[in-house]
Structure formats: C-alpha cells, structure tokens
Amino acid sequence: MPAAPDPGLAPVPPVVPPRRAPGTLRVALLGYGVVGSEVARALVEHADDLAARAGARLELVGVAVRDASRPREGVGTVVPADLLTEDAQGLVDRADLVVEVMGGIEPPRSLIRRAIASGASVVTANKALLAAHGPELFEAADAAGVDLSFEAAVAGAIPIVRPVRESLAGDHVRRVLGIVNGTTNYVLDQMATYGVELEDAVKEAQGLGYAEADPTADVEGFDAAAKAAILASLAFHTRVSIDQVAREGITGVTSADVTAAAQTGYVIKLLAIAEQTAEGVSARVHPALVPAEHPLAAVRGAFNAVFVEADGAGPLMFYGQGAGGRPTASAVLGDLVSAARDRLAGGKGAYESAYASLPVLPADAAVTRYQVRLVVADRPGVLAQVAGVLADHGVSIDTVRQAVDEVPAPFTPGDGSAGSAHLLLTTHAAREASLASTVEALRGIEPVHQITSVLRVEGV
Ligand SMILES: NC(=O)c1ccc[n+]([C@@H]2O[C@H](COP(=O)([O-])OP(=O)(O)OC[C@H]3O[C@@H](n4cnc5c(N)ncnc54)[C@H](O)[C@@H]3O)[C@@H](O)[C@H]2O)c1
Ligand SMILES: N[C@@H](CCO)C(=O)O
Ligand code: NA
C-alpha cells in the first residue's frame, strides 16, 4: 500500500480562482485643467508602475476638453495631441474607467450617469456635484456594481474619505472639524502673518492654482460647505446635502478681527464642522476662533487638516495639501488604481452607507461658544447691564475683558469717542438662536455704542 501523503505537503486546492491575465483598462479623462493635466501626466509618465499596482495597464484613451484646438501645456509632448476631443460622451462610451475633473454640475452629472450606465467605474474630484446630487449617483453606481470614488473631492491629497468610510467604519464618530478650503486658509494666514488685505490674498491664491474657477465658491464658503456635507454624510452614515449646511464665508473677517484674535490667544480659521448630537446631525461652515494651541491653529498657508473625534479612536488629525494640481491628482490616481483593482477582482469596492437617516438640524440649533467684541459707554453699571442682557437670553458669560493699555488697537477699534470702553465677552456654550437674539438685544440698549464682531469659538 502506498504511504499516505504527508498532510503537510498535500496540495491545497486554490481558494481564489487565478486572476485573469493582466490586460488593459481604458481610461477616459474628462477635463484637462489644473488637476486633469497632472492626472494625464502621471498616467503617461508612470504607466509601468501604475500597471504593476493596478494589475492592468491604465491606457489613457482620450481627454475631453471644451476646445481641442487650443494649445495646452503638455499636449503634443507628454500627452499625444490626438487624444484631445470635444466629444465627451463618445469618449465615456469607450472607457472602462472615467475620471471626471471638469468641475460644475452639468455636463459632469450626465456624463457620470452615462459612464455608470455603461458599466464604467468613475473617479471624480467634484465635491459640488456630489454634495448636490450624490445620492442619485451613488445609487446608480450601487445598482450597476461599479465604483464611484471621490477622495480628491474632500481635502485634496489628504486621505480622509477612505479613513472615515473604511478605517472608522467600526467606531462612532462624534465630531469633525476641518480646514478644508486651501484658498481661504491661505488668505486668512496671509492676513494674520503679513497683514495682507483679503482681496489681494485671494488674487495670489488664484495665481497659485488653489482657487475655484469662480473664487466666490471659496471665499463665501460654498466649496467648504460641499465638503462639510460629504464629510457629515460619511462620518454619520446618513445623507446631508449642501443646502442643509449653514454657511458663512470669510468676507466679513477684517484685519482688526485677525489681530484681535492673535492678541487674545486665537487664530481665525474657516472651519467645516459636522457634529452628531442627541437631536441629529449638524453641519456648518463659518470663520471661527481656534485656540492657538489647538492642532488646527498650526495649519498654515493653503494646507488643509481634518480633526476627527471618535469614541474609540479619540482625536485624529489628517493633514496635508488640500488643493493644487499634483496633490489633487495624487488622490485621483489612488482612487483610479483602487477602481482598477476592484474591476479586475470582479466587483466594486467599499460603498457609502446612509442607513442612519438622521435628521439634519437647522442652523440656529447649533451649540457653540462665542466671543463678542463691543464698544460701550464707560460708566458705572454698564457691565451689569450688558451681563443682564445675556442672562435674560440664557447665555452664560465665561470671561469678560475690558480693553486697557496692554491691549491696544485694533482690539480697540471703537468709535474713538471719549468715554467709551471696549469689552470682550466670551460665552459658555449657547444655542446659535439664543446668541443671535442676545446680540440683537445688545444693539438695542443705549450704553452699547457698537458691536465690533461676533465670532464663534471652536476646538475648546
Ligand atoms: N484645483 C484644485 O486644487 C482642486 C482640488 C480638489 C478638487 N478640485 C476639483 O477638481 C475639478 C477640476 O478642477 P480644476 O482646478 O482642474 O479646474 P480647471 O478649470 O483648471 O479645469 C477644468 C477642465 O475641464 C474642462 N471642461 C470644463 N467644462 C467642460 C465641458 N463642458 N466640456 C469639456 N471640457 C470641459 C476645461 O476645459 C478644463 O480643461 C473641480 O471639480 C474642482 O472642484 C480641484
Ligand atoms: N478651491 C479649493 C480647491 C480644493 O478643493 C481650495 O481652495 O481648497
Ligand atoms: Na482627500
């Protein structure tokens, strides 16, 4: 009788069927601007590495632009000129993977739907589109069994979508505080560091390729609001759209505010905030005072950072470049390689979960602390009168400072009239609605000459 085979050497049947021979996946690129040109460059220049990582060659089969005859850097040298086309639909129809870096709602929305319907996976950097029409696109991608990936849409190069969606899928996220717009962080930093005026700093940010085509989207907080909606949806497994995000941009921030913040131990940042409370989810974007010692205060220039607080993990901070062609292309290419791998493995990757269906709270339900600067008559009893107004509205004072010699202008920008004093009140946490009515009431009392600024305080 032959000896029984040694179980240690017995052939083990393959559990996973062998992968099909590496082939080629056709990549359509929609848009050849700041981001698209860098994606195209990498696809051409790093083709061998990308093929080895993806498991198939990622062949750039076309680049959709508005005007294919216009000369463009890299076209004819890095990227063959005959790849440029004005027929985006025709290009989508002959692709396995579609990269949308055009921006705007249409035609990207229709093109992405068309790609999904034809069985292609999609990578997009388009936060405006996802924040407005994400659910319909995710549902279509789920139904078609294809990926719709968007790491570049939130905080550019920083891996944040994947960590929140996948690495934290077993935890309970409570709060996300993000500096998610490079342009406004650059502007506020230039104002704080060099005393540059807001408009001049915006022009510089445009020149550096950080700003959206219409920089109002950055300065007025729309771009950050789109990212807040996406982050809130991911973090809380629910759906939040951009029109549910309370939004205030940085145009009301003066150089006096920036200087006063520095003098009182704060930095002004435009924050995207997503929070879950017992009542639901709140998402908002506004300038805020961040304590100088908070990690977000150290985020300079056009850099982005997202601070996440989760029950199990505790505080986490994700930091890096949130804008610019190459950084953003890095996130797009990471998604592209993942989508290619998923496709070769015969399925789709991680998908969005919105099972929680949480109510999204109105703007005036947000609870935070405030710093109010005001100019009042300098006479006995005024402080008590001001404190009384706050008490009447259920807003509790944490600290009061009166401007004295060691805190010179611009902490004291008042009306310059004799006999006025400059107060700085910091409150305990209060509802936005209570604070708004408090400020209204303060404006109505005689000893208050001027309310110089009202800023929310976050990260304390
Ligand atoms: N620039 C950044 O730092 C950055 C960072 C993250 C995300 N994004 C997002 O990436 C996307 C692209 O941004 P960008 O800065 O590269 O923009 P861009 O304006 O520099 O480039 C857009 C490109 O799309 C093309 N295009 C636009 N509409 C078209 C149409 N209807 N038909 C054919 N082509 C069209 C333009 O010709 C151009 O080539 C946007 O969604 C943006 O929000 C940009
Ligand atoms: N305009 C955006 C680009 C990145 O989404 C910014 O300034 O951050
Ligand atoms: Na990102």
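Just so it is clear, the model here is predicted, and its values are computed rather than measured.

**Thoughts on the side chain of Arg175**
For Arg175, the location among the structural elements is in strand E7 (residues 173–179). Separated by 3.1 Å, the side chains of Arg175 and Glu275 make a polar contact. Filtering out sequence-adjacent residues up to four positions away, Arg175 remains in contact with Ala274, Glu275, Phe307, Val308, Glu309, Glu458 and Gly459.

**Regarding the pattern of salt bridges**
Applying the stated criterion across every chain yields a total of 28 salt bridges. Here Asp257 makes a salt bridge to Arg373, at a shortest N to O gap of 2.5 Å. On the criterion of sequence distance, the pair formed by Asp257 in helix H11 (residues 255–263) and Arg373 in strand E13 (residues 367–377) is long-range, its members being 116 residues apart. The exposure class of Asp257 is buried, given its relative accessible area of 7%. Residue Arg373 is classed as buried on the basis of its relative accessible area of 3%. Across the pair Arg456 and Glu432 runs a salt bridge whose closest N-O atoms are separated by 2.6 Å. Of this pair, Arg456 sits in strand E17 (residues 448–457) while Glu432 sits in helix H14 (residues 432–443), and the two are 24 residues apart along the sequence. Each of Arg175, Glu275, Arg284, Glu309 and Glu458 takes part in salt bridges that share partners, so that together they form one network.

**Quick look at the site of ligand 1**
Surveying the vicinity of ligand 1 reveals 22 residues, the closest of which are Tyr32, Val34, Val35, Lys127 and Gly324. Residue Gly33 places a main-chain N or O atom 3.3 Å away from an oxygen atom belonging to ligand 1. At 2.9 Å, a backbone N or O of Val35 approaches an oxygen atom of ligand 1. Here ligand 1, which alone exposes 830 Å², has 83% of that area covered by the protein.

**Considering helix H13 (residues 382–392)**
Here H13 has its buried residues at Val382, Val386, Val389 and Leu390. Buried residues in H13, looked at end-on, bunch into an arc of 95°, giving them a common side. More than 90 degrees from the buried face of H13, the exposed residues found are Ala384 and Asp392. Elements in contact with the buried residues of H13: E13, strand E14 (397–402), strand E15 (420–427), H14 and E17. Positive phi shows up at Gly394, right after H13, with a value of about 70°.

**Some points on the coordination of the sodium ion (ligand 3)**
Distances from the sodium ion (ligand 3) to its protein donors, namely Glu151 (O), Glu151 (OE), Val154 (O), Gly156 (O) and Ile158 (O), fall within the range 2.4 to 2.6 Å. Going along the chain, you hit the donors of the sodium ion (ligand 3) in the pattern E-x2-V-x1-G-x1-I.

**Section: the nonpolar core**
Within soluble globular proteins, side chains that are nonpolar tend to cluster in buried spots. Counting 76 residues, the largest nonpolar core has Val98 and Ile160 as the members making the most contacts within it. The greatest single-element share of this core, amounting to eleven residues, is contributed by helix H10 (residues 222–236). With 35 residues, the next largest nonpolar core counts Val35, Ala40, Val332 and Ala340 among its residues.

**Notes on the site of ligand 2**
Taken together, the neighbourhood of ligand 2 is formed by Lys127, Asn181, Gly182, Thr183, Tyr210, Ala211, Glu212, Asp218, Asp223, Lys227, Gly322 and Ala323. Taking Tyr210, its main chain carries an N or O atom lying 2.6 Å from a nitrogen atom of ligand 2. The contact in question runs from a nitrogen atom of ligand 2 to an N or O atom on the side chain of Asp218, over 2.7 Å. Here ligand 2, which alone exposes 250 Å², has 93% of that area covered by the protein. Where the shell around ligand 2 is concerned, the elements lending two or more residues are helix H7 (182–194) and H10. Within the shell around ligand 2, the residues separate by chemical class into three nonpolar, four polar and five charged.

**Observations regarding the domain arrangement of the protein chain**
When its domains are assigned, the protein chain resolves into domain 1 (24–156 + 326–345), domain 2 (161–321) and domain 3 (366–457). Measuring from the centre of the C-alpha atoms in domain 2 to the corresponding centre in domain 3 gives 26 Å. The contact between domain 2 and domain 3 buries some 1,400 Å² in all, and 56% of this surface belongs to carbon and sulfur atoms. Area buried by domain 2 at its contact with domain 3 is led by Gln263, Thr264 and Leu289, which between them contribute 36% of it. Where domain 2 touches domain 3, the interface holds three salt bridges.

What counts and how
- Per chain, residue numbering runs from 1 following the sequence as it is written.
- Written order decides the labels, with chains lettered from A and ligands numbered from 1.
- Local features in this predicted model are restricted to residues of pLDDT 70 or higher, and side-chain atom pairs are both shown and tallied only at a pLDDT of 80 or more, whereas totals for entire chains, interfaces and linings draw on every residue.
- Excluding hydrogens and water, the side-chain values take into account all heavy atoms of the structure.
- Strands are runs of DSSP state E lasting at least two residues, helices are runs of H or I lasting at least four, and both sets are numbered from the N terminus onward.
- Polar contacts here mean pairs of N or O atoms no more than 3.5 Å apart (in protein, one a potential hydrogen donor and the other a potential acceptor; neighbouring residues in sequence count only if both atoms are side-chain atoms).
- Contacts between residues were defined by any pair of non-hydrogen atoms, one from each residue, lying within 4.5 Å.
- Each salt bridge in this description consists of a side-chain nitrogen of Lys or Arg and a carboxyl oxygen of Asp or Glu lying within 4 Å of one another.
- Relative accessibility thresholds used throughout: buried, under 20% of the residue-type maximum; exposed, over 50%; partly exposed, between the two (1.4 Å probe, protein chains only).
- The cutoff for a nearby residue is simple: one of its non-hydrogen atoms must lie within 4 Å of the molecule or strand.
- Note on areas: Shrake-Rupley with a 1.4 Å probe; residue coverage comes only from the protein chains shown.
- This arc is taken over the directions from the axis of the helix to the C-beta atoms.
- Metal donors: N, O and S atoms at distances within 2.8 Å, or within 3.2 Å for Na, K and Ca, with water omitted from the atom set so that some sites may seem incomplete.
- Within this scheme, the nonpolar core is defined by two criteria: the residues are buried Ala, Val, Leu, Ile, Met, Phe, Trp, Tyr or Cys, and they are joined through side-chain atoms within 4.5 Å.
- Residue type decides the class: Asp, Glu, Lys and Arg count as charged, Ala, Val, Leu, Ile, Met, Phe, Trp, Tyr, Cys and Pro as nonpolar, and the leftover types, Gly among them, as polar.
- As used throughout, domain bounds are those supplied by an automatic or database domain assignment.
- The term buried area means the drop in 1.4 Å probe accessible area that two parts suffer when joined, counted for both and summed.

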